[in-house]
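In case you want the letters, here they are:
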Amino acid sequence: QVQLVESGGGLVQPGGSLRLSCAASGFTFGSCSMAWVRQAPGKGLEWVADIDGGGGREYYADSVKGRFTISRDNAKNTLYLQMNSQKPEDTAMYYCAKDGGGEDGDSYFEYDYWGQGTQVTVAS
């Protein structure tokens, strides 16, 4: 079955950096686009970034553009999110998600499986 396991969250000071990882199993990883989505305390889900199956196309929310980088290693079935210049408003639970729109590697932004999340707190 599909499993997505996030790691790498923690406490970071404003301006600092963290790298999140998501280990995937149970499906053909390189055939599916993947995404990061976050949920801040008391708020709804916010889409953060998406990357296509081959890793050639990346998409970002305006709130993180220029600060965050999504990447993937298909040989390791792992998705990453490098977060730099972090702000207190980046504090949230971060989830990785699998795109269920198709297995051609394109991004459909239709997520059908989610991990359990990893907490990121940006505070001094």
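Before reading on, note that the structure itself is shown above.
Residue positions are given per chain, counted from 1 along the sequence in the order it is written. Confidence filtering applies because this is a predicted model: local features only for residues at pLDDT of at least 70, side-chain atom pairs given and counted only at 80 or more, and all residues used for totals across whole chains, interfaces and linings. Calculation of side-chain values draws on the structure's entire complement of heavy atoms; hydrogens and water are dropped beforehand.

Visitor: Explanation requested: the nonpolar core in the structure shown.
Guide: Here is a general trend for soluble globular proteins: nonpolar side chains tend to be buried in one another's company. Judged by nonpolar contacts, the single largest core of 29 residues is most densely connected at W36, L79, L81 and Y94. Segments assigned H or I by DSSP are reported as helices when at least four residues long, segments assigned E as strands when at least two residues long, and all are numbered from the N terminus. Those elements that provide at least two residues to this core are β3 (18-25), β4 (34-39), β5 (45-51), β7 (68-73), β8 (78-83), β9 (92-99) and β11 (118-122). Broken down by element, this core gets its largest block of residues, four residues, from β3. In contact with L79, other than residues within four places in its own chain, are L20, S21, C22, F29, M34, A35, W36, I51, I70, S71, R72 and C96. The term nonpolar core refers to a set of buried residues drawn from Ala, Val, Leu, Ile, Met, Phe, Trp, Tyr and Cys, joined through side-chain atoms within 4.5 Å. Buried residues are those whose accessible area, probed at 1.4 Å on protein chains only, stays under 20% of the maximum for their type, while exposed residues exceed 50% and partly exposed ones sit between those limits. Two residues form a contact once any of their heavy atoms are found within 4.5 Å.

Visitor: Mind showing me how you'd approach the packing of aromatic side chains here?
Guide: Note on aromatic pairs: each is described by the distance of the centres and the angle between the planes. Two rings from Phe, Tyr or Trp (for Trp, the six-membered ring) form a pair when their centres sit within 6.5 Å of each other. Planes less than 30 degrees apart are called stacked, planes more than 60 degrees apart edge-to-face, and all others tilted. A full pass over the atoms with the stated rule returns four aromatic pairs. Between F27 and F29 the ring centres are 6.2 Å apart and the planes differ by 55°, which places this aromatic pair in the tilted class. Ring plane angle 75° and centroid distance 6.0 Å describe the contact between W47 and F109, whose orientation is recorded as edge-to-face. Taken together, the residues W47 in strand β5 and F109 in the loop between β9 and β10 (111-114) connect sequence positions 62 residues apart. Overall, F109 belongs to the partly exposed group, its relative accessible area being 39%. Through successive ring pairs, a cluster of aromatic residues spans W47, Y59 and F109. Stacked on the ring of F29, the Lys or Arg R72 has its end atom at 4.3 Å from the ring centre. In our convention, an over-ring charge means Lys NZ or Arg CZ found within 6 Å of a ring centre and within 35 degrees of that ring's normal. The ring of F27 carries K98 above its face, with NZ or CZ at 5.5 Å from the centroid.

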